[in-house]
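Below are the chains, spelled out letter by letter.
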Amino acid sequence: MHSSSREARLTPDPELVARQIPIGPAESSLDRAIETATAALVKRQRADGHWVFELEADATIAAEYVVLQHFLGQPNPALEAKIAIYLRRLQGPHGGWSLFHGGGLNISASVKAYFALKLAGDAPESAHMRRAREAILAQGGAGTTNVFTRILLALFGVISWGAVPIIPVEIVFLPRWFPFHLSRVSYWSRTVVVPLLVLQALKPRARNPRGVRIDELFPGRRPRARRWARAPHQARARFAVFAAIDAALRLVEPLIPQRLRRRAIKKAVAFVTERLNGEEGLGAIFPAMANTVMMFDALGYARDHPHFVTARRAIDKLLVVTREEAYCQPCVSPVWDTVLVCQSLLEVGDNQTRTAARDGLAWLEKRQVLDAVGDWADQRPHVRPGGWAFQYANPHYPDLDDTAVVVMAMDRFARRRVMRGEPDFRAAIDRGREWVLGLQSANGGWGAFDVDNTSEYLNHIPFADHGALLDPPTADVTARCVSMIAQLGDAADAPVLAKALGFLRRNQEDDGSWYGRWGMNYVYGTWSVLCALSAAGMSPDAPEIRRAVAWLIAAQNEDGGWGETGDSYRLDHRGLERAPSTASQTAWALLGLMTAGEERNPAVERGIDYLVRRQGADGFWREPQFTATGFPRVFYLRYHGYAKFFPLWALARYRNLAQSGERRVRFGM
């Protein structure tokens, strides 16, 4: 089994670049903060030029890893003991487990964590398990969990499959014009659901070698689950229609000819194996990868079958194992980490940081997807590939956000070539631009992976109680694409740019902020859009910008920083809510304000002071909070790199503007 050590990732070793930036006399605390952070960041560069930091989710991914081990009948007591330490550490004061640091109890995360701990050997009557059980029962018990948790419980025979919404595997035969088609849902839904269709059809039973059950998590120890309930985001009428369809499908499914079912399973398996993606895994995300392994197991694949071996190794590569504890990442983020570090180092701007950024960009250039035609081509068959994926490899699913930021970083580097023979990355920039332009949606915006993925009614089916079945255009990704287009400055792109700016204007919130789909939340979205509007040449005095600036200033905490939690994604969110300051969110707010011409605003000075004061002795900033988003209200992320490079970026930007006397930021980010 492959595992990665946190010590190996975060301290220099022969695989890391032995390059240090000397720290000499500094003119100010600002200079010292920048020099210390820069030196620490460059030390983390790998020998081949890239950076990668840990990517952490809530307790569910670690718990699901343990559950997978026992589904396969392959428990690993030593590893599970370390994961159990991690899960116990994450248990909240409310007795359960949260979706983000400091959040409230989430019933599904709590049930999975409890189940994993019991599988790992924790006694049900131990104090922490008793507290968890009482908290879960107080919330209605394990029968009130979400659909994906109930599928897990059904696989272990804890509850009936009748408590799980039905999606027959035969949907793989539906025509593209049909209201439900795989091309109508997001890439992550596609890759998670297709192997799950096979599991639902076969209904395998987990091996569960220790025979662990969790009947005690149900009221009266009677393991039954409600059929399902309408989620808060689901409209009553639409949900009723889809619930009726589900009831009809239950009557029809037993009548489906077995020959047709076998053909459907074969087609689903072909979809998965075509996108298996080597040891990076299906979709390069844990839920899809875990479902793939269980699917192969249910189909009777031998443990040494090449597909089973590859799929299993992909999951084990996500492990982070230290001396004390272990957890499983939801995926890895090397492209995103590398390009954001490069942007930060280019902002610092000296020759040594430029060399490090050059090596990072050269590594990124090799990872551009130029040949594989991904699922995005279902909507844009005539567009050539040219994007970047988020992970080491995921050629079927490059994303617009990474691509736009990589193109901007390469263009920024190339505009200031200072040494003979330095790369200009022109071919990569041109192909990336072409791909981004080709994937603009009809409403002027961009989604993360797909085009016109806007069949909103699908979020009302019983299976979609998480509300994240789709990948519609969002303000933050659109802003990134606008920034790229504006920075490149090709006059031929003016119609595309105008249409995108219209999308951003229409999506500004009443209070002046913008919603952040992929970062938490309004601070992230507002920073992203302010960068785009500035890059597109909008005056700092424009009403859209003034309203956004006023919102950011009002959102500043008394300590000078900014903070926001996952609670801001609540459906009943009514506006600004205070949360503890974080380094990454403070950096976003500062970058947004400085982009809007507010570098001399006292709020900016207070924010810079906050970052300088909060920097750690290692050059970085401590940030246990989750400041990124997988799926709003369902799944959040903690990028361990965010508190390492975003604050540096903001500090260097502040120094550059102060030294130059300029008020305009010359780049898209």
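Description of the structure in this document. (Residues numbered from 1 in each chain as written. Predicted model: local features only at pLDDT ≥ 70, side-chain atom pairs only at ≥ 80, totals over all residues. Heavy atoms only, no water.)

### Section: the overall build of the protein
Looking only at helices and strands, the protein features 23 helices and 5 strands. In terms of overall dimensions, the protein is globule-like: its C-alpha atoms have a radius of gyration of 25 Å, near the 26 Å expected for 669 residues. Considered along the principal axes of its C-alpha atoms, the protein spans approximately 70 × 55 × 50 Å. Taking the contacts inside the protein whose residues are at least 6 apart along the sequence as the reference set, 74% of them involve residues at least 24 apart. (Helix = DSSP H or I, 4+ residues; strand = E, 2+ residues; numbered from the N terminus. Rg over C-alpha atoms; globule rule 2.2 N^0.38 Å. Contact = heavy atoms within 4.5 Å.)

### What to know about the state of the cysteines
Any covalent bond linking the sulfur atoms of two cysteines counts as a disulfide. Summed over the entire model, instances satisfying the criterion amount to 0 disulfides. The thiol sulfur of cysteine 328 is not disulfide-bonded, and the nearest other cysteine sulfur, from cysteine 331, lies at 10 Å. The class of cysteine 331 is buried, set by a relative accessible area of 9%. (Disulfide = S-S within 2.5 Å. Buried < 20%, exposed > 50% of the residue type's maximum accessible area, 1.4 Å probe, protein only.)

### Structural notes on the environment of arginine 547
By secondary structure assignment, the location of arginine 547 is in helix α20 (residues 543-554). Those residues within four positions of arginine 547 in sequence are excluded, and the remaining contacts are Gln508, Glu509, Asp510, Asp511 and Gly512. Engagement of the side chain of arginine 547 in a polar contact is seen with the side chain of glutamine 508, the distance being 3.1 Å. Reaching out from arginine 547, the side chain makes a polar contact with the backbone oxygen of aspartate 510 at a distance of 3.0 Å. (Polar contact = N/O pair within 3.5 Å; in protein donor to acceptor, adjacent residues only side chain to side chain.)

### Side note on the layout of surface pockets
Of the voids in this model, the second largest pocket is the one considered here, and its volume is about 760 Å³. Forming the walls of the second largest pocket are 35 residues, and the residues nearest its centre are Glu56, Arg89, His101, Pro624 and Arg638. Residue assignment for the lining of the second largest pocket shows that the elements contributing at least two residues are α1 (6-10), α4 (77-90), β5 (635-639) and α23 (642-660). For the lining of the second largest pocket, the element with the most residues is α4, which contributes 3 residues. Among the residues making up the lining of the second largest pocket, the classes are represented as 15 nonpolar, 8 polar and 12 charged. (1 Å grid on protein atoms, 1.4 Å probe; cavity = no way out; pocket = protein on both sides within 12 Å on 5 of 7 lines; lining within 4 Å. Points joined across faces, edges and corners; volume = space filled by probe spheres on them. Nonpolar A, V, L, I, M, F, W, Y, C, P; charged D, E, K, R; others polar.)

### Some words on the pattern of salt bridges
The tally for this structure, following the rule as stated, stands at 40 salt bridges. Among the salt bridges present, the one from lysine 118 reaches glutamate 216, with a minimum N-O distance of 2.8 Å. One end of the pair, lysine 118, is in helix α5 (residues 107-119); the other, glutamate 216, is in the loop between α8 (187-202) and α9 (236-252), and 98 residues separate them in sequence. Of the two residues, lysine 118 and glutamate 216, both sit in the buried class. Taking the shortest distance from any N to any O, the salt bridge between arginine 666 and glutamate 662 comes out at 3.0 Å. Of the residues examined, arginine 666 reaches a relative accessible area of 51% and is grouped as exposed. According to the relative accessible area criterion, glutamate 662 is partly exposed, its value standing at 29%. Each of Arg190, Glu274, Arg275, Asp375 and Asp450 takes part in a single network of salt bridges with overlapping partners. (Salt bridge = Lys/Arg side-chain N within 4 Å of Asp/Glu carboxyl O.)

### Here we look at the side chain of glutamate 216
Given a relative accessible area of 7%, glutamate 216 falls into the buried group. Side-chain polar atoms of glutamate 216 contact the side chain of lysine 118, separated by 2.8 Å. Sequence-distant contacts of glutamate 216, that is, excluding residues within four places in its chain, are made with Tyr114, Lys118, Pro124, Arg133, Leu137 and Arg221.

### Thoughts on helix α10 (residues 258-274)
For α10, built from 17 residues, the straight-helix expectation of 24 Å at 1.5 Å per residue is met to within 8% by its first-to-last C-alpha distance of 24 Å. The complete set of buried residues in α10 reads Arg261, Ala264, Ile265, Ala268, Val269, Phe271 and Val272. Within α10, the buried residues cover an arc of 155° as seen down the axis, which keeps them to one side. The outward face of α10, more than 90 degrees from its buried face, is lined by the exposed residues Arg259, Arg262, Lys266 and Glu274. Check the buried side of α10 and you find it contacts α8 and α11 (286-298). (Expected span 1.5 Å × (residues − 1). Arc of directions from axis to C-beta.)

### Observations concerning the sheet that holds β5
Hydrogen bonding along the main chain pairs the strands of a sheet, whether they run parallel or antiparallel. Strand order in the open sheet formed by 3 strands is β1-β5-β4, and the pairing between neighbours is antiparallel. Both edges of this open sheet fall to β1 (55-56) and β4 (628-631), since each of them pairs with a single strand only. Summarising the sheet, β4 and β5 pair through 3 bridges and their orientation is antiparallel. Considered in β5, the bridge of phenylalanine 631 is made with phenylalanine 635. (Pairing = 2+ DSSP bridges.)

### Thoughts on unusual backbone geometry
With an omega dihedral of -25°, the bond running from methionine 520 to asparagine 521 counts as a cis peptide bond. Topologically, asparagine 521 is positioned in the loop between α18 (494-506) and α19 (522-535). Backbone geometry places alanine 284, a non-glycine residue, at a positive phi of 55°. Within the element layout of this structure, alanine 284 appears in the loop between α10 and α11.

### Considering the packing of aromatic side chains
This model, assessed by the stated rule, comprises 34 aromatic pairs. Taking 5.9 Å as the distance between ring centres and 80° as the angle between the ring planes, the aromatic pair formed by tryptophan 376 and tryptophan 435 counts as edge-to-face. Of the two residues, tryptophan 376 is situated in the loop between α14 (351-365) and α15 (400-415) and tryptophan 435 in helix α16 (residues 426-438); the sequence distance between them amounts to 59 residues. Tryptophan 435 matches tryptophan 376 in its accessibility class, with the two residues each being buried. Note that lysine 203 overlies the ring of tryptophan 161, its terminal NZ or CZ placed 5.6 Å from the centroid. Over the ring of phenylalanine 271 we find arginine 275, and its NZ or CZ is 3.8 Å from the ring centre. (Phe/Tyr/Trp six-rings, centres within 6.5 Å; stacked < 30°, edge-to-face > 60°. Lys NZ or Arg CZ within 6 Å of the ring centre and 35° of its normal.)

### Topic: the packing of helix α3 (residues 59-71) against α11
Put simply, α3 and α11 touch, their axes get as near as 11 Å, and they point 5° apart. Accordingly, the angle class assigned to the pair α3 and α11 is roughly parallel. Of the residues in α11, those in contact with Ile61, Glu64, Tyr65, Leu68 and Phe71 of α3 are Phe286, Ala290, Val293, Met294 and Asp297. Looking at the contact of α3 with α11 residue by residue, the class counts come to 8 nonpolar, no polar and 2 charged. (Axes fitted to C-alpha atoms, helices over the stretch in contact; angles between N-to-C directions. Parallel < 35°, antiparallel > 145°, perpendicular 65-115°, else oblique.)

### Overview of the nonpolar core
Formed by 225 residues in total, the largest nonpolar core has its most connected members in Leu340 and Trp446. Ranked by residues supplied to this core, first place goes to α23 with 11 residues. (Core = buried A, V, L, I, M, F, W, Y, C linked by side-chain atoms within 4.5 Å.)

### Observations regarding the packing of helix α13 (residues 334-348) against α23
The description of two packed helices rests on the angle between their axes and on the distance between the axes. At a closest axis distance of 8 Å, the pairing of α13 and α23 adopts a crossing angle of 25°. Taken together, the axes of α13 and α23 lie roughly parallel to each other. The crossing of α13 and α23 is left-handed. On the side of α13, the interface is formed by Trp336, Asp337, Leu340, Val341, Gln343, Ser344, Leu345, Glu347 and Val348, while α23 contributes Tyr642, Phe645, Phe646, Leu648, Trp649, Ala652, Arg653, Arg655 and Asn656. Residues of the contact of α13 with α23, tallied by class, amount to 11 nonpolar, 3 polar and 4 charged. (Left-handed = near helix turned anticlockwise from the far one by under 90°.)

### So, the side chain of threonine 353
Relative to the elements of secondary structure, threonine 353 occurs in helix α14. A distance of 3.3 Å separates the side chain of threonine 353 from the backbone oxygen of leucine 345, its partner in a polar contact.

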